[in-house]
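# Chain and residue survey
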Amino acid sequence: MIGVATALHLQRRGWSVVLVDRSEPGRETSYGNTGIIQGEAVRPYPMPRDFASLLRIALGRTNDVRYRLLALPRHLGPLLQYWRNSAPERHARISAAYAPIITRAVHEHDVFIREAGAGNLVQRNGFHLFHREQAALDGAIAIAEAMRAAYGVKFRALTADELTRAEPGLKQAGVGAIHWQDSWTVSDPGGLVTAYAALFQGLGGAFVHGDATTLTQTSSGWSVQSTDGRIEAEAAIVALGPWSPDLLRRFGYRFPLVRKRGYHRHYAGGTSLQLPLIDTSLGYGMAPMARGLRITTGAEFTGPDAPPTPVQLDHAEAAARQLVDLGDRVEADPWYGTRPCTPDMLPVLGQAPRHRGLWMNFGHGHQGFTLGPVTGRLLAELMTGESPVVDAAPYRPERF
Ligand SMILES: Cc1cc2nc3c(=O)[nH]c(=O)nc-3n(C[C@H](O)[C@H](O)[C@H](O)COP(=O)(O)OP(=O)(O)OC[C@H]3O[C@@H](n4cnc5c(N)ncnc54)[C@H](O)[C@@H]3O)c2cc1C
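A brief look at the structure comes next. (Residues numbered from 1 in each chain as written. Predicted model: local features only at pLDDT ≥ 70, side-chain atom pairs only at ≥ 80, totals over all residues. Heavy atoms only, no water.)

For the rest of this paragraph, the subject is the nonpolar core. Within the largest apolar cluster, 70 residues are counted, with the highest numbers of intra-cluster contacts made by I37, I101, I178, W180, L192, Y196 and Y395. For L192, the contacting residues outside a window of four places in its chain are M1, I37, H109, I113, A118, L121, V186 and F369. By size, the runner-up hydrophobic cluster in this structure holds 21 residues, among which are L170, A177, L273 and L313. (Core = buried A, V, L, I, M, F, W, Y, C linked by side-chain atoms within 4.5 Å. Buried < 20%, exposed > 50% of the residue type's maximum accessible area, 1.4 Å probe, protein only. Contact = heavy atoms within 4.5 Å.)

Here it is in C-alpha coordinates:
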(Lines give C-alpha, C1' and ligand atoms only; values in the text may rest on other atoms or scores of the structure.)
Protein backbone atom coordinates (compact mmCIF):
# COMPACT_ATOMS: atom_id res chain seq x y z
CA MET A 1 0.00 0.00 0.00
CA ILE A 2 2.73 2.45 0.98
CA GLY A 3 4.89 1.92 -2.10
CA VAL A 4 2.00 2.00 -4.58
CA ALA A 5 0.43 5.10 -3.02
CA THR A 6 3.77 6.90 -2.99
CA ALA A 7 4.33 5.99 -6.64
CA LEU A 8 0.92 7.43 -7.57
CA HIS A 9 1.58 10.70 -5.79
CA LEU A 10 5.00 11.12 -7.40
CA GLN A 11 3.58 10.29 -10.80
CA ARG A 12 0.98 13.04 -10.55
CA ARG A 13 3.75 15.50 -9.70
CA GLY A 14 5.52 14.72 -12.95
CA TRP A 15 8.09 12.18 -11.79
CA SER A 16 8.82 9.18 -14.00
CA VAL A 17 8.34 6.31 -11.53
CA VAL A 18 9.23 2.63 -11.61
CA LEU A 19 7.64 0.51 -8.91
CA VAL A 20 9.89 -2.45 -8.07
CA ASP A 21 8.66 -5.42 -6.06
CA ARG A 22 9.89 -8.99 -5.77
CA SER A 23 6.25 -10.06 -5.76
CA GLU A 24 3.00 -8.51 -7.05
CA PRO A 25 1.63 -5.30 -5.50
CA GLY A 26 -0.54 -5.86 -2.43
CA ARG A 27 0.44 -9.42 -1.66
CA GLU A 28 2.14 -9.06 1.73
CA THR A 29 1.06 -7.16 4.85
CA SER A 30 -1.24 -4.96 2.77
CA TYR A 31 -3.05 -8.12 1.68
CA GLY A 32 -3.40 -9.80 5.06
CA ASN A 33 -4.86 -7.08 7.27
CA THR A 34 -8.38 -6.43 8.60
CA GLY A 35 -9.10 -4.03 5.74
CA ILE A 36 -10.25 -1.08 7.84
CA ILE A 37 -9.37 2.42 6.64
CA GLN A 38 -9.19 3.68 10.18
CA GLY A 39 -10.32 7.29 10.17
CA GLU A 40 -10.95 6.92 13.90
CA ALA A 41 -7.44 5.77 14.92
CA VAL A 42 -6.17 9.19 16.00
CA ARG A 43 -4.36 7.62 18.96
CA PRO A 44 -1.88 4.91 17.94
CA TYR A 45 -1.95 1.72 20.04
CA PRO A 46 0.08 2.22 23.22
CA MET A 47 1.67 -0.71 25.00
CA PRO A 48 -0.08 -1.59 28.26
CA ARG A 49 1.95 -0.25 31.20
CA ASP A 50 0.01 -1.32 34.27
CA PHE A 51 1.38 -4.23 36.24
CA ALA A 52 -1.80 -6.36 35.96
CA SER A 53 -1.84 -6.20 32.12
CA LEU A 54 1.89 -6.89 31.85
CA LEU A 55 1.55 -9.85 34.21
CA ARG A 56 -1.34 -11.26 32.17
CA ILE A 57 0.82 -11.02 29.03
CA ALA A 58 3.84 -12.55 30.80
CA LEU A 59 1.73 -15.47 32.04
CA GLY A 60 0.15 -16.01 28.61
CA ARG A 61 -3.33 -15.13 29.92
CA THR A 62 -4.27 -12.76 27.12
CA ASN A 63 -5.06 -13.49 23.50
CA ASP A 64 -4.16 -10.11 22.02
CA VAL A 65 -0.44 -10.49 22.78
CA ARG A 66 1.66 -13.64 22.77
CA TYR A 67 5.39 -14.19 22.79
CA ARG A 68 7.92 -16.94 22.24
CA LEU A 69 10.36 -16.86 25.14
CA LEU A 70 13.41 -17.71 23.02
CA ALA A 71 12.64 -14.85 20.60
CA LEU A 72 12.19 -12.24 23.34
CA PRO A 73 15.81 -10.98 23.50
CA ARG A 74 15.61 -9.69 19.90
CA HIS A 75 12.40 -7.76 20.71
CA LEU A 76 13.41 -6.34 24.07
CA GLY A 77 15.22 -3.16 22.93
CA PRO A 78 12.39 -1.85 20.69
CA LEU A 79 9.77 -3.01 23.22
CA LEU A 80 11.46 -1.05 26.00
CA GLN A 81 11.37 2.12 23.86
CA TYR A 82 7.75 1.37 22.97
CA TRP A 83 6.94 1.00 26.68
CA ARG A 84 8.58 4.35 27.47
CA ASN A 85 6.71 6.05 24.63
CA SER A 86 3.42 4.63 25.91
CA ALA A 87 3.59 6.73 29.10
CA PRO A 88 0.54 9.05 29.13
CA GLU A 89 2.30 12.38 28.42
CA ARG A 90 4.52 10.94 25.67
CA HIS A 91 1.60 9.07 24.16
CA ALA A 92 -0.46 12.28 24.13
CA ARG A 93 2.35 14.08 22.25
CA ILE A 94 2.66 11.17 19.80
CA SER A 95 -1.11 11.14 19.22
CA ALA A 96 -0.99 14.87 18.46
CA ALA A 97 1.59 14.06 15.75
CA TYR A 98 -0.36 11.04 14.48
CA ALA A 99 -3.84 12.57 14.27
CA PRO A 100 -3.07 14.97 11.38
CA ILE A 101 -2.29 12.08 9.03
CA ILE A 102 -5.04 9.76 10.29
CA THR A 103 -7.75 12.41 10.00
CA ARG A 104 -6.80 12.98 6.33
CA ALA A 105 -6.49 9.28 5.46
CA VAL A 106 -10.08 8.53 4.42
CA HIS A 107 -10.23 11.54 2.12
CA GLU A 108 -6.92 10.62 0.46
CA HIS A 109 -8.18 7.05 -0.13
CA ASP A 110 -11.41 8.43 -1.53
CA VAL A 111 -9.50 10.22 -4.30
CA PHE A 112 -7.69 7.02 -5.34
CA ILE A 113 -10.77 4.81 -4.93
CA ARG A 114 -12.71 7.02 -7.34
CA GLU A 115 -9.88 7.28 -9.87
CA ALA A 116 -9.19 3.54 -9.68
CA GLY A 117 -12.90 2.69 -10.03
CA ALA A 118 -12.58 0.55 -6.90
CA GLY A 119 -15.73 1.70 -5.09
CA ASN A 120 -17.15 -1.84 -5.28
CA LEU A 121 -14.50 -2.99 -2.74
CA VAL A 122 -15.35 -0.35 -0.16
CA GLN A 123 -18.09 0.05 2.48
CA ARG A 124 -18.43 3.46 4.07
CA ASN A 125 -20.31 2.48 7.23
CA GLY A 126 -17.63 2.06 9.89
CA PHE A 127 -17.03 -0.93 12.16
CA HIS A 128 -17.93 -2.21 15.64
CA LEU A 129 -15.72 -2.44 18.72
CA PHE A 130 -17.45 -5.20 20.62
CA HIS A 131 -17.35 -5.47 24.42
CA ARG A 132 -18.17 -8.30 26.80
CA GLU A 133 -17.87 -6.33 30.07
CA GLN A 134 -19.72 -3.15 31.02
CA ALA A 135 -16.75 -1.57 32.83
CA ALA A 136 -14.55 -2.02 29.73
CA LEU A 137 -17.26 -0.59 27.46
CA ASP A 138 -17.73 2.41 29.77
CA GLY A 139 -13.95 3.03 29.72
CA ALA A 140 -13.87 2.76 25.92
CA ILE A 141 -16.79 5.20 25.61
CA ALA A 142 -14.96 7.71 27.81
CA ILE A 143 -11.87 7.45 25.56
CA ALA A 144 -14.03 7.71 22.43
CA GLU A 145 -15.68 10.85 23.82
CA ALA A 146 -12.26 12.41 24.43
CA MET A 147 -11.23 11.54 20.86
CA ARG A 148 -14.44 13.05 19.49
CA ALA A 149 -13.91 16.23 21.51
CA ALA A 150 -10.28 16.57 20.39
CA TYR A 151 -10.49 15.45 16.75
CA GLY A 152 -14.16 15.33 15.78
CA VAL A 153 -14.17 11.59 14.99
CA LYS A 154 -17.72 10.22 15.02
CA PHE A 155 -19.03 7.24 17.01
CA ARG A 156 -22.19 5.84 18.55
CA ALA A 157 -22.32 3.73 21.69
CA LEU A 158 -24.65 0.78 21.04
CA THR A 159 -26.48 -1.24 23.69
CA ALA A 160 -26.59 -5.02 23.22
CA ASP A 161 -30.10 -4.68 21.69
CA GLU A 162 -28.95 -2.00 19.26
CA LEU A 163 -25.97 -4.12 18.25
CA THR A 164 -28.25 -7.13 17.67
CA ARG A 165 -30.43 -5.01 15.39
CA ALA A 166 -27.38 -3.78 13.47
CA GLU A 167 -25.87 -7.27 13.26
CA PRO A 168 -28.70 -9.82 13.09
CA GLY A 169 -26.14 -12.61 12.50
CA LEU A 170 -24.72 -12.29 16.04
CA LYS A 171 -25.67 -15.13 18.42
CA GLN A 172 -24.83 -12.93 21.43
CA ALA A 173 -24.23 -9.21 21.66
CA GLY A 174 -22.18 -8.94 24.88
CA VAL A 175 -22.84 -5.62 26.61
CA GLY A 176 -22.84 -3.70 23.33
CA ALA A 177 -20.31 -1.94 21.15
CA ILE A 178 -18.84 1.29 19.94
CA HIS A 179 -19.74 1.94 16.33
CA TRP A 180 -16.95 4.01 14.79
CA GLN A 181 -18.72 5.76 11.95
CA ASP A 182 -15.94 7.57 10.08
CA SER A 183 -13.94 4.51 9.06
CA TRP A 184 -14.30 2.66 5.79
CA THR A 185 -13.86 -1.06 5.28
CA VAL A 186 -12.57 -3.05 2.35
CA SER A 187 -13.69 -6.50 1.21
CA ASP A 188 -10.35 -7.33 -0.43
CA PRO A 189 -7.43 -5.27 0.92
CA GLY A 190 -4.92 -6.77 -1.52
CA GLY A 191 -7.42 -6.11 -4.32
CA LEU A 192 -7.55 -2.42 -3.43
CA VAL A 193 -3.74 -2.19 -3.70
CA THR A 194 -3.95 -4.03 -7.03
CA ALA A 195 -6.53 -1.49 -8.22
CA TYR A 196 -4.27 1.42 -7.19
CA ALA A 197 -1.33 -0.25 -8.96
CA ALA A 198 -3.45 -0.67 -12.10
CA LEU A 199 -4.31 3.04 -11.92
CA PHE A 200 -0.59 3.85 -11.68
CA GLN A 201 0.22 1.65 -14.67
CA GLY A 202 -2.75 2.94 -16.65
CA LEU A 203 -1.34 6.46 -16.24
CA GLY A 204 2.00 5.34 -17.69
CA GLY A 205 3.82 4.13 -14.57
CA ALA A 206 6.03 1.06 -14.82
CA PHE A 207 5.90 -1.97 -12.56
CA VAL A 208 8.79 -4.46 -12.65
CA HIS A 209 9.90 -7.40 -10.59
CA GLY A 210 13.21 -6.92 -8.85
CA ASP A 211 15.08 -7.40 -5.63
CA ALA A 212 15.49 -4.26 -3.55
CA THR A 213 18.56 -5.67 -1.84
CA THR A 214 20.44 -4.92 -5.10
CA LEU A 215 19.98 -1.18 -4.47
CA THR A 216 23.28 0.69 -4.86
CA GLN A 217 24.34 4.30 -4.92
CA THR A 218 25.85 5.47 -8.21
CA SER A 219 27.66 8.64 -9.24
CA SER A 220 24.37 10.17 -10.43
CA GLY A 221 21.83 8.63 -8.08
CA TRP A 222 20.56 5.13 -7.40
CA SER A 223 20.37 1.84 -9.22
CA VAL A 224 18.49 -1.42 -8.67
CA GLN A 225 18.48 -4.73 -10.53
CA SER A 226 15.15 -5.83 -12.01
CA THR A 227 14.10 -8.68 -14.26
CA ASP A 228 14.03 -6.04 -17.04
CA GLY A 229 17.63 -5.05 -16.37
CA ARG A 230 19.26 -2.40 -14.23
CA ILE A 231 17.16 0.65 -13.40
CA GLU A 232 18.97 3.95 -12.87
CA ALA A 233 17.25 6.82 -11.10
CA GLU A 234 17.85 10.16 -9.49
CA ALA A 235 16.09 9.03 -6.33
CA ALA A 236 15.03 5.80 -4.63
CA ILE A 237 12.35 5.24 -2.01
CA VAL A 238 12.46 2.41 0.47
CA ALA A 239 8.87 1.36 1.14
CA LEU A 240 9.37 -2.30 2.01
CA GLY A 241 7.13 -2.39 5.09
CA PRO A 242 8.64 -4.73 7.70
CA TRP A 243 11.62 -5.49 5.44
CA SER A 244 12.74 -1.85 5.24
CA PRO A 245 15.17 -1.82 8.22
CA ASP A 246 17.01 -4.88 6.84
CA LEU A 247 17.79 -3.09 3.59
CA LEU A 248 18.68 0.19 5.29
CA ARG A 249 21.13 -1.54 7.61
CA ARG A 250 23.29 -2.11 4.52
CA PHE A 251 23.63 1.69 4.26
CA GLY A 252 24.51 2.04 7.94
CA TYR A 253 21.07 2.89 9.35
CA ARG A 254 19.71 0.99 12.32
CA PHE A 255 15.97 1.42 12.68
CA PRO A 256 14.36 -0.31 15.64
CA LEU A 257 11.12 -2.07 14.74
CA VAL A 258 8.54 -3.62 17.03
CA ARG A 259 7.65 -6.60 14.88
CA LYS A 260 4.11 -7.66 15.65
CA ARG A 261 3.18 -10.78 13.75
CA GLY A 262 -0.50 -11.30 12.99
CA TYR A 263 -2.45 -14.18 11.44
CA HIS A 264 -5.66 -14.48 9.47
CA ARG A 265 -7.95 -17.13 8.05
CA HIS A 266 -11.26 -16.98 6.18
CA TYR A 267 -14.46 -18.84 7.06
CA ALA A 268 -17.32 -19.48 4.64
CA GLY A 269 -20.70 -21.18 4.56
CA GLY A 270 -21.96 -19.69 7.84
CA THR A 271 -23.44 -16.32 8.74
CA SER A 272 -21.56 -13.21 7.82
CA LEU A 273 -21.50 -9.80 9.47
CA GLN A 274 -22.62 -6.46 8.04
CA LEU A 275 -19.50 -4.67 9.31
CA PRO A 276 -16.13 -5.71 10.74
CA LEU A 277 -16.23 -6.39 14.46
CA ILE A 278 -13.27 -6.21 16.84
CA ASP A 279 -13.77 -8.44 19.88
CA THR A 280 -11.76 -6.31 22.31
CA SER A 281 -11.58 -8.66 25.28
CA LEU A 282 -10.14 -11.48 23.17
CA GLY A 283 -8.00 -9.32 20.90
CA TYR A 284 -9.10 -10.39 17.44
CA GLY A 285 -11.12 -9.02 14.54
CA MET A 286 -13.73 -10.45 12.17
CA ALA A 287 -14.20 -8.77 8.82
CA PRO A 288 -16.63 -9.70 6.05
CA MET A 289 -14.45 -10.15 2.96
CA ALA A 290 -14.83 -11.43 -0.57
CA ARG A 291 -13.34 -14.81 0.44
CA GLY A 292 -15.46 -15.18 3.58
CA LEU A 293 -15.39 -13.89 7.12
CA ARG A 294 -11.74 -13.07 7.84
CA ILE A 295 -10.50 -13.53 11.42
CA THR A 296 -7.35 -11.52 12.20
CA THR A 297 -5.25 -11.77 15.34
CA GLY A 298 -3.30 -9.42 17.61
CA ALA A 299 0.46 -9.37 18.14
CA GLU A 300 2.81 -12.31 18.34
CA PHE A 301 6.47 -11.68 19.21
CA THR A 302 8.45 -14.41 17.57
CA GLY A 303 11.47 -14.85 15.31
CA PRO A 304 11.19 -13.36 11.79
CA ASP A 305 11.54 -16.78 10.18
CA ALA A 306 9.82 -18.77 12.92
CA PRO A 307 7.22 -21.24 11.61
CA PRO A 308 3.58 -20.26 12.17
CA THR A 309 2.16 -20.94 15.64
CA PRO A 310 -1.45 -19.84 15.20
CA VAL A 311 -2.42 -20.30 18.86
CA GLN A 312 -4.10 -16.88 19.00
CA LEU A 313 -6.01 -17.67 15.82
CA ASP A 314 -7.29 -20.94 17.31
CA HIS A 315 -8.49 -19.09 20.44
CA ALA A 316 -10.03 -16.39 18.27
CA GLU A 317 -11.83 -18.97 16.17
CA ALA A 318 -13.29 -20.60 19.30
CA ALA A 319 -14.42 -17.20 20.63
CA ALA A 320 -15.84 -16.18 17.25
CA ARG A 321 -17.87 -19.39 17.03
CA GLN A 322 -19.69 -18.27 20.21
CA LEU A 323 -20.66 -15.06 18.44
CA VAL A 324 -21.50 -16.18 14.90
CA ASP A 325 -22.10 -19.30 12.90
CA LEU A 326 -18.66 -19.19 11.30
CA GLY A 327 -18.98 -22.05 8.83
CA ASP A 328 -15.88 -23.84 7.57
CA ARG A 329 -12.26 -22.84 7.29
CA VAL A 330 -11.47 -21.74 3.75
CA GLU A 331 -7.69 -22.26 3.93
CA ALA A 332 -5.89 -25.19 5.56
CA ASP A 333 -2.98 -22.97 6.60
CA PRO A 334 -3.40 -19.46 7.96
CA TRP A 335 -1.80 -16.37 6.44
CA TYR A 336 0.69 -14.52 8.61
CA GLY A 337 2.66 -11.30 8.31
CA THR A 338 4.28 -8.57 10.36
CA ARG A 339 2.98 -5.13 11.31
CA PRO A 340 5.93 -2.77 10.90
CA CYS A 341 5.63 -0.74 14.13
CA THR A 342 8.19 1.83 15.21
CA PRO A 343 8.81 2.22 18.96
CA ASP A 344 7.30 5.73 18.88
CA MET A 345 4.28 4.56 16.84
CA LEU A 346 4.96 7.08 14.04
CA PRO A 347 6.04 6.24 10.48
CA VAL A 348 9.56 6.86 9.20
CA LEU A 349 9.18 9.34 6.36
CA GLY A 350 11.80 11.56 4.74
CA GLN A 351 15.24 11.61 3.20
CA ALA A 352 18.04 9.42 4.55
CA PRO A 353 20.25 11.61 6.73
CA ARG A 354 23.53 10.61 5.06
CA HIS A 355 22.45 9.62 1.52
CA ARG A 356 21.17 12.22 -0.91
CA GLY A 357 18.28 10.92 -3.01
CA LEU A 358 17.51 7.97 -0.73
CA TRP A 359 14.05 8.39 0.76
CA MET A 360 12.05 6.31 3.22
CA ASN A 361 8.38 5.62 3.81
CA PHE A 362 7.77 2.71 6.18
CA GLY A 363 6.89 1.83 9.77
CA HIS A 364 3.13 2.50 9.63
CA GLY A 365 2.41 -0.14 12.26
CA HIS A 366 -1.24 -0.99 12.87
CA GLN A 367 -2.51 1.53 10.31
CA GLY A 368 -0.38 1.21 7.18
CA PHE A 369 -3.35 0.18 5.05
CA THR A 370 -5.08 3.37 6.21
CA LEU A 371 -2.11 5.68 5.86
CA GLY A 372 -0.67 4.78 2.42
CA PRO A 373 -2.32 7.53 0.36
CA VAL A 374 -1.73 10.32 2.89
CA THR A 375 1.90 9.47 3.71
CA GLY A 376 2.54 8.81 0.00
CA ARG A 377 1.33 12.33 -0.64
CA LEU A 378 3.47 13.75 2.15
CA LEU A 379 6.63 12.07 0.90
CA ALA A 380 5.96 13.17 -2.69
CA GLU A 381 5.48 16.74 -1.46
CA LEU A 382 8.78 16.64 0.43
CA MET A 383 10.59 15.24 -2.62
CA THR A 384 9.12 17.89 -4.87
CA GLY A 385 9.75 20.75 -2.45
CA GLU A 386 6.05 21.60 -2.10
CA SER A 387 4.70 22.82 1.20
CA PRO A 388 3.55 19.60 2.86
CA VAL A 389 -0.07 18.80 3.71
CA VAL A 390 0.98 18.33 7.37
CA ASP A 391 4.17 19.08 9.27
CA ALA A 392 6.48 16.15 8.47
CA ALA A 393 8.97 16.87 11.27
CA PRO A 394 7.64 14.23 13.71
CA TYR A 395 8.25 11.47 11.13
CA ARG A 396 11.77 12.31 10.02
CA PRO A 397 14.22 9.39 9.97
CA GLU A 398 16.84 11.32 12.01
CA ARG A 399 14.87 10.76 15.21
CA PHE A 400 16.28 7.23 15.31
C1 LIG B 1 -3.33 -8.98 11.09
C2 LIG B 1 -3.16 -7.54 10.65
C3 LIG B 1 -4.27 -6.68 10.62
C4 LIG B 1 -4.11 -5.35 10.21
N5 LIG B 1 -5.22 -4.56 10.07
C6 LIG B 1 -5.10 -3.30 9.58
C7 LIG B 1 -6.25 -2.50 9.33
O8 LIG B 1 -7.40 -2.93 9.51
N9 LIG B 1 -6.06 -1.22 8.88
C10 LIG B 1 -4.82 -0.72 8.66
O11 LIG B 1 -4.71 0.44 8.28
N12 LIG B 1 -3.71 -1.48 8.82
C13 LIG B 1 -3.81 -2.75 9.28
N14 LIG B 1 -2.71 -3.52 9.47
C15 LIG B 1 -1.38 -2.94 9.20
C16 LIG B 1 -1.10 -2.83 7.72
O17 LIG B 1 -1.47 -4.03 7.07
C18 LIG B 1 0.38 -2.52 7.47
O19 LIG B 1 0.80 -1.42 8.24
C20 LIG B 1 0.60 -2.18 6.01
O21 LIG B 1 0.05 -3.17 5.17
C22 LIG B 1 2.07 -1.99 5.69
O23 LIG B 1 2.15 -1.68 4.32
P24 LIG B 1 3.53 -1.59 3.58
O25 LIG B 1 3.25 -1.20 2.18
O26 LIG B 1 4.46 -0.75 4.38
O27 LIG B 1 4.11 -3.10 3.67
P28 LIG B 1 3.74 -4.39 2.80
O29 LIG B 1 2.31 -4.40 2.44
O30 LIG B 1 4.30 -5.57 3.53
O31 LIG B 1 4.55 -4.18 1.47
C32 LIG B 1 5.95 -4.34 1.42
C33 LIG B 1 6.31 -4.70 0.00
O34 LIG B 1 7.73 -4.82 -0.10
C35 LIG B 1 8.02 -5.91 -0.96
N36 LIG B 1 9.38 -6.37 -0.67
C37 LIG B 1 9.89 -6.79 0.51
N38 LIG B 1 11.19 -7.10 0.38
C39 LIG B 1 11.53 -6.85 -0.90
C40 LIG B 1 12.73 -6.94 -1.67
N41 LIG B 1 13.89 -7.37 -1.11
N42 LIG B 1 12.72 -6.59 -2.96
C43 LIG B 1 11.56 -6.16 -3.56
N44 LIG B 1 10.41 -6.06 -2.90
C45 LIG B 1 10.38 -6.39 -1.60
C46 LIG B 1 6.95 -6.93 -0.62
O47 LIG B 1 6.81 -7.88 -1.67
C48 LIG B 1 5.73 -6.05 -0.44
O49 LIG B 1 5.00 -5.88 -1.64
C50 LIG B 1 -2.82 -4.86 9.87
C51 LIG B 1 -1.73 -5.72 9.88
C52 LIG B 1 -1.88 -7.05 10.26
C53 LIG B 1 -0.69 -7.97 10.25
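On to empty space enclosed by the protein, then. Summed over all chains, the structure comprises one cavity of 30 Å³ or more. When its volume is computed, the largest cavity comes out at roughly 90 Å³. Forming the walls of the largest cavity are 13 residues, and the residues nearest its centre are P44, C341, M345, G365 and H366. For the lining of the largest cavity, a count of residues per class yields seven nonpolar, six polar and no charged. (1 Å grid on protein atoms, 1.4 Å probe; cavity = no way out; pocket = protein on both sides within 12 Å on 5 of 7 lines; lining within 4 Å. Points joined across faces, edges and corners; volume = space filled by probe spheres on them. Nonpolar A, V, L, I, M, F, W, Y, C, P; charged D, E, K, R; others polar.)

Bringing helix α6 (residues 134-151) into the picture now. Taking 1.5 Å of rise per residue, 18 residues should cover 26 Å, and α6 covers 25 Å from first to last C-alpha, within 8% of that figure. Here α6 has its buried residues at L137, A140, I141, A144 and M147. Seen along its axis, α6 keeps its buried residues to an arc of 125 degrees; they face one direction. Seen from the buried face of α6, the exposed residues on the opposite side, beyond 90 degrees, are A135, A149 and A150. Taken from the residues just after α6, G152 is the one with a positive phi, measuring 75 degrees. (Helix = DSSP H or I, 4+ residues; strand = E, 2+ residues; numbered from the N terminus. Expected span 1.5 Å × (residues − 1). Arc of directions from axis to C-beta.)

Across the sheet, which stays open at both edges, the three strands sit in the order β13-β22-β21 with mixed pairing between neighbours. On the outer flanks of this sheet lie β13 (236-238) and β21 (348-351), each paired with one strand and no other. Geometrically, the sheet is characterised by an average inter-axis angle of 20 degrees between neighbouring strands, direction not taken into account. Here β13 runs beside strand β22 (residues 358-362); their pairing, made up of three bridges, is parallel. (Pairing = 2+ DSSP bridges. Axes fitted to C-alpha atoms, helices over the stretch in contact; angles between N-to-C directions.)

Take it as geometry only, folks, not as evidence of what the structure does.
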